[in-house]
Amino acid sequence: MTMHTNAQITEISPVVRVRRVQATDIPYVIALDTRVTRLAKAEYWNDVFRRYGKQRRHERFFLVAENRTQRADARLLGFIIGEIRAWEFGSTPCGWVFALSVEPKMRLHGVGSALLEAIAGEFRNAGVSKMRTMVARDGRLPMLFFRSEGMIAGPYIQLEKDLD
Amino acid sequence: MESHAGGDVMRLQISTRLAIFAVLELTARQGRQLSVAEIGEKYGVSSHHLAKVMHVMGRAGLVRAIRGAGGGYQFAGNARRITLLDVAQLFEDLSSVEQQGNGPVDATPEGQMLSEVLDEIDDIARATLGSITIATMRKLIDRRETGRARPRKPSRRTGGAHAPELTAISLFREPNRP
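Residues numbered from 1 in each chain as written. Chains lettered and ligands numbered in written order. Predicted model: local features only at pLDDT ≥ 70, side-chain atom pairs only at ≥ 80, totals over all residues.

Looking only at helices and strands, chain A has 4 helices and 7 strands in total. Sequence-ordered secondary structure for chain A, helices as α and strands as β, is β-β-β-α-α-β-β-β-α-β-α. In chain A, which comprises 164 residues, the proportion classed as buried is 36%. In chain A, the share of contacts with a sequence separation of at least 24, taken over all contacts with a separation of at least 6, comes to 57%. (Helix = DSSP H or I, 4+ residues; strand = E, 2+ residues; numbered from the N terminus. Buried ≥ 20, exposed ≤ 12 C-beta atoms within 10 Å, placed from the backbone. Contact = placed C-beta atoms within 7 Å.)

And the structure:
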């Protein structure tokens, strides 16, 4: 694997690479998310692209893994989104990953790992040394994945309450 | 799980710990079987106790007994899918049981509130055990061993305090991950 920091492209293999999202990727992002979550939310993803794909790109990272053979049915293999947030919850600046999705047919092939590594590289290049995410306790697959990547429980506990 | 007033709040039972150690030992030597005596020697436990543990895991399909001279046990599960919770549940009840007891004090608002707090702790413990596969444990152990054996290369930004670059690259190069 080679990383080209300036070009913000990570080559996973001769046919797969991770790069910044482009407007033309969004239909594929929407389609992938719809297949995985069974809930179409085009408006949400277009808004995410506006905020994370085009603005404050030095601290917001919307990356996609793509099949470089450009076959229309398998072009986008997955995506990851995160940003650097500072001083919230009393925390020093750290990278937050809040979305990660991999084409179901392409799981267990290192795509998720490559996406996570790529965004970790972006966070690192931006000067932070900690990466966080949040996973549902019963979210078995994402929990197993992030754990296998060496992520452990952090110093915060998420709290909530029902609003009557 | 046992609760203790001091030190660790949650502790796994001895059988559970032995089972986890045994599975980790077997997965460290894939394709080769280990005798109960070999595993027991490393962890300083009696073969008698460990044999019972292995028998339970054998019935659950986690390990396979190899008979005859040079025989022993082999890991027979999917290390990337079997979690610490799967192993632990063979030896202790970690199901989501209400903490509420039967005594009159448990029916009081105080007793019920305490039960909810203890349930919350149990939920987190279960989620943690259920999130770590044998393969992940093996990888973390191997990484720790490698880190001890080889000094870390200083990072440009952190001066080597976290060495995240090394971690990320070594993780990526392992095949067949999610």
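Turning to the overall build of chain B, a few remarks are in order. Broken down by element type, chain B carries 7 helices and 4 strands. Starting at the N terminus and ending at the C terminus, chain B contains elements arranged as β-β-α-α-α-β-β-α-α-α-α. Counting across all 178 residues of chain B, residues that qualify as buried make up 22%. By sequence separation, contacts in chain B at least 24 residues apart represent 55% of the contacts at least 6 residues apart.

All names here are of chain B. For chain B, the mean per-residue pLDDT works out to 77, and 74% of the residues sit at or above 70. Within chain B, no element has a lower average pLDDT than helix α7 (residues 164-172), which sits at 26, and none a higher one than helix α4 (residues 84-88), at 96. Note on residues 154-178: pLDDT is under 50 here. Beyond four places in sequence and across chains, it has 42 contacts. Under the prediction, the complex receives an ipTM of 0.72, its pTM being 0.76. (pLDDT = per-residue confidence, 0-100.)

A few words now on the pairing of strand β4 (residues 60-67) of chain A. Residues and elements named next belong to chain A. Here β4 lies mainly inside the structure; 6 of its 8 residues are buried. With 5 bridges joining them, strand β3 (residues 16-20) and β4 adopt antiparallel strand pairing. Paired with Arg-17 across the two strands is Glu-66, which belongs to β4. Across 7 bridges, β4 lies against strand β5 (residues 76-85) in antiparallel orientation. Residue Phe-62 lies in a different strand from β5, and its bridge partner there is Ile-81. (Pairing = 2+ DSSP bridges.)

Attention shifts here to the pairing of strand β3 (residues 63-66) of chain B. Residue and element names in this part refer to chain B. Where β3 lies against strand β4 (residues 72-75), 4 bridges are found, and the strand directions are antiparallel. Pairing of Ala-65 across the sheet is with Tyr-73, part of β4. Taking the residues that link successive antiparallel strands as the turn, the β3-β4 hairpin has 5 residues, and the phi of Gly-68 there is positive, at about 95°.

With 33 residues, the main nonpolar core has Leu-63, Ala-65, Ile-80, Leu-115 and Ile-119 of chain A as its most contacted residues. Counting only elements with at least two residues in this core, the list comes to β3, α1 (26-37), α2 (42-53), β4, β5, β6 (94-102) and α3 (111-125) of chain A. Of the residues forming this core, the biggest block, 8 residues, is contributed by α3 of chain A. When residues no more than four places from it in sequence are discounted, the contact partners of Leu-115 of chain A are Val-18, Leu-63, Ala-65, Gly-78, Ile-80 and Leu-100 of chain A. Counting residues in each nonpolar core, the second largest holds 25 residues, with Leu-12, Met-57, Tyr-73 and Ala-135 of chain B among its members. (Core = buried A, V, L, I, M, F, W, Y, C linked by C-beta atoms within 7 Å.)

Inspection of the secondary structure assignment puts Ala-28 of chain B in helix α1 (residues 14-28). Along the backbone, Ala-28 of chain B and Asp-142 of chain B are 114 residues apart, and their C-alpha atoms lie at a distance of 9.0 Å.

What follows concerns unusual backbone geometry. All names here are of chain A. Positive phi values are uncommon outside glycine, yet Arg-38 reaches one of about 60°. Position of Arg-38 relative to the elements: it lies in the loop between α1 and α2. The exposure class of Arg-38 is exposed, given the 7 C-beta atoms found within 10 Å. Even without a glycine there, the phi angle at Trp-87 is positive, about 70°. With 8 C-beta atoms packed within 10 Å, Trp-87 lands in the exposed category.

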